[in-house]
Amino acid sequence: MTVLVLDNPELIAKAAVASGFNAATLMAEGNRPHRMKFHYGFNKHALDSSDRAIIRQHAAYLRQNPTVSVRIHGHSDNFGAEDFNRFLSRLRTNEVARLLMKEGIAESRLLVASWGSARPLATPDDRAANRRVELEYLDQDMAKAL
């Protein structure tokens, strides 16, 4: 048996659309969006339009599930001073939080953590993979415990 593993979100999305997948139906069923990580270019903190669209899908899910909160983890690579890296990761998390609030999600449901380069996803040399924001869903009991 041959197994093909795709780690290219754009290619996966094109294949899904070609096979008749409808994201609107998925959102109507109340399922949360699959994509939880958003990557950035070097020294950048702005999301591209496709990432903003997925964040809006997360907002739709959160509106449909008012007892769910989300923690937004901001990260950077290890290039440069750590103070700047923490600042850059904070800019990234704040942008995602602002977009969610603009879409109607209460600030009280958003928990923000900016880690700088302290929690790499990949090896420190894989800088592109480490420049990211991650979303983590929390139910009401978990959010109260924090």
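Keep in mind it's a predicted model, so treat the numbers as computed, not measured.

## Structural notes on the environment of Val70
Inference 1: Of note, Val70 is situated in strand S2 (residues 69-74).
Inference 2: Residue Val70 is classed as buried on the basis of its relative accessible area, which comes to 1%.
Inference 3: Linking Val70 and Ala59, residues eleven residues apart in sequence, is a C-alpha distance of 10.0 Å.
Inference 4: Discounting chain neighbours no more than four positions away, the residues touching Val70 are Leu62, Leu100, Arg109, Leu110, Leu111, Leu135, Glu136 and Tyr137.

## Quick word on the nonpolar core
Inference 1: Ranked by internal contacts, the top residues of the largest apolar core, which has 21 residues, are Ile55, Val96, Leu100 and Leu135.
Inference 2: When contributions to this core are tallied by element, the ones reaching two or more residues are helix H3 (49-64), S2, helix H4 (82-102) and strand S4 (132-138).
Inference 3: Per-element accounting of this core gives the leading share, five residues, to H3.
Inference 4: Apart from residues no more than four positions distant in its own chain, Leu135 is found in contact with Met36, Phe38, Ile55, His58, Val70, Arg71, Ile72 and Val96.

## Focus on the side chain of Arg132
Inference 1: As for its position among the elements, Arg132 is in strand S4.
Inference 2: Beyond its immediate stretch of four places on either side in the chain, Arg132 contacts Phe38, His39, Tyr40, His73, Gly74, His75, Arg92, Arg119, Pro120 and Leu121.

Analysis parameters
Residues numbered from 1 in each chain as written. Predicted model: local features only at pLDDT ≥ 70, side-chain atom pairs only at ≥ 80, totals over all residues. Heavy atoms only, no water. Helix = DSSP H or I, 4+ residues; strand = E, 2+ residues; numbered from the N terminus. Buried < 20%, exposed > 50% of the residue type's maximum accessible area, 1.4 Å probe, protein only. Contact = heavy atoms within 4.5 Å. Core = buried A, V, L, I, M, F, W, Y, C linked by side-chain atoms within 4.5 Å.

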